[in-house]
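Single-letter residue listing:
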Amino acid sequence: MAFAYHAGTSIYTSAIGMCTAAAVMPSMPPNPFFRSIAISSGLLIFLQLSSPSDIDGTKQVWKDLCKELDDAHIDLNSLTSGVDPEKWQNMGKEEFDAACKKFYDEMGKTRDCCNNIGDCLGGAAMMSFAAAVVSAVLGGILLKMAIAKTAATATGPVGALTATTITTAGATTIRQKLRAMVAQSGKYLMTVATIVGIGYALLQMLTSSTQQGLSQAATPTDMNSTPMFEQVFIEGLPQSFGQSTSGDRTTTGDRTTTGDETTTGDQTTTGDQTTTGDQTTTGDQTTTGDQTTTGDETTTGDQKT
């Protein structure tokens, strides 16, 4: 059916051409009423002129978007399902699952919205193509009436008058059908346009809501709702690799630093202090216990050990 849609615009154009040909077809005696009917019929067909293939192509874009949303859902599930739940049970898994559930719900609403818009556009494409075919049929009938009216001229005045009367009545019926079709298709297309417009607005609202929800889930502002992470200690590693402190530092217990240590402010250590690397202290330094420094030690201020 989509292949036939590509001929829709050509069918409309042919129908308008047949109405124009019927209007200019000569006849004796001249019949201006038939001519005006043929011209107005062509204008009515022109009002319905549209491209079923373009409408169907737009429908396919929305349908492809639905498929992409489904694929994204599957990809996210595959990423999370590959992780052992026990390894991150205490690392915010419950909060992550809650954020994913909310995201999937919003994604489902967005998918339904896109699918409904695609269905409406698909119906509009079908109706546009059907209107093109009907217009071409009616235009062809109108052209045949004009030809018959012209041919009846050779039968004499009585035959010509009879043909004029019959063709004028038939042309009037065709124009009435075209008017009804224009009114019906116009209402339908207005409905489709309204649905698509509402769908766009709803899609933007859903997208904004989803982005806001994901942003809040990724960067929570309520500190009470942040995940309770579990602290992990790895045995055999030094306690620190170089330290830099701006301000006073007070340590109760033994302190071991592997790397350079720089303290801007007073430093007080109750216990043994061992530093492997250069130590620089700007301020008073007080150490209660043994102090061992491997490297240069610079203290600006009083040092008590």
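Scroll up for the structure.
Residues numbered from 1 in each chain as written. Predicted model: local features only at pLDDT ≥ 70, side-chain atom pairs only at ≥ 80, totals over all residues. Heavy atoms only, no water.

Novice: What is the right way to read the nonpolar core from this model?
Specialist: Side chains of nonpolar character tend, in soluble globular proteins, to be buried together. In this structure, Ala22, Phe34, Ile45, Leu142, Ile174 and Leu178 are the most contacted members of the largest nonpolar core, which totals 24 residues. Considering every element that reaches this core, the biggest residue donor is helix 5 (residues 93-151), with eight residues. Ignoring anything within four residues of it in the chain, the contact list for Leu142 reads Cys19, Ala22, Phe34, Ala38, Ser41, Ala171 and Ile174. In this structure, Tyr5, Cys114, Ala124 and Val192 belong to the second largest nonpolar core, which totals 14 residues. (Core = buried A, V, L, I, M, F, W, Y, C linked by side-chain atoms within 4.5 Å. Buried < 20%, exposed > 50% of the residue type's maximum accessible area, 1.4 Å probe, protein only. Helix = DSSP H or I, 4+ residues; strand = E, 2+ residues; numbered from the N terminus. Contact = heavy atoms within 4.5 Å.)

Novice: Would you explain the environment of Asp56 in this entry?
Specialist: Position of Asp56 among the secondary structure elements: in helix 4 (residues 52-81). C-alpha of Asp56 to C-alpha of Gly123: the two residues are 67 residues apart in sequence and 8.8 Å apart in space.

Novice: Is there a simple way to think about helix 3 (residues 32-47) in this case?
Specialist: Since the α-helix advances by 3.6 residues per turn, residues separated by three or four positions end up pointing in the same direction. Between its terminal C-alpha atoms helix 3 stretches 23 Å, which fits the 22 Å expected from 16 residues at 1.5 Å a residue. Along helix 3, the residues classified as buried are Phe34, Ile37, Ala38, Ser40, Ser41, Gly42, Leu44 and Ile45. (Expected span 1.5 Å × (residues − 1).)

Novice: In this structure, what is going on with the pattern of salt bridges? I would like to understand it.
Specialist: Opposite charge on two side chains permits them to pair, given that their charged atoms come into close proximity. What the rule picks out here adds up to five salt bridges. Notably, a salt bridge pairs Asp119 with Lys63, separated by 2.5 Å at the nearest N-O pair. Remark: Lys63 occurs in helix 4 and Asp119 occurs in helix 5; sequence separation between them is 56 residues. A salt bridge links Asp71 to Lys67; the shortest N-O distance between them is 3.3 Å. (Salt bridge = Lys/Arg side-chain N within 4 Å of Asp/Glu carboxyl O.)

Novice: Could you clarify how one ought to interpret the side chain of Lys149 in this entry?
Specialist: Tracing the sequence through the fold places Lys149 in helix 5. One buried charged residue, Lys149, forms no salt bridge at all, with the nearest opposite charge on Asp54 at 36 Å. Among residues more than four places away in sequence, those in contact with Lys149 are Ser27, Asn31, Phe34, Ala163, Thr164 and Thr167. (Lys, Arg positive; Asp, Glu negative; His and termini not counted.)

Novice: Looking at this structure, I do not really get the side chain of Thr167. What am I missing?
Specialist: Note on placement: Thr167 falls in helix 6 (residues 157-218). Engagement of the side chain of Thr167 in a polar contact is seen with the backbone oxygen of Ala163, the distance being 2.7 Å. Once residues lying within four places of it in the same chain are set aside, the contact partners of Thr167 are Phe34, Met145 and Lys149. (Polar contact = N/O pair within 3.5 Å; in protein donor to acceptor, adjacent residues only side chain to side chain.)

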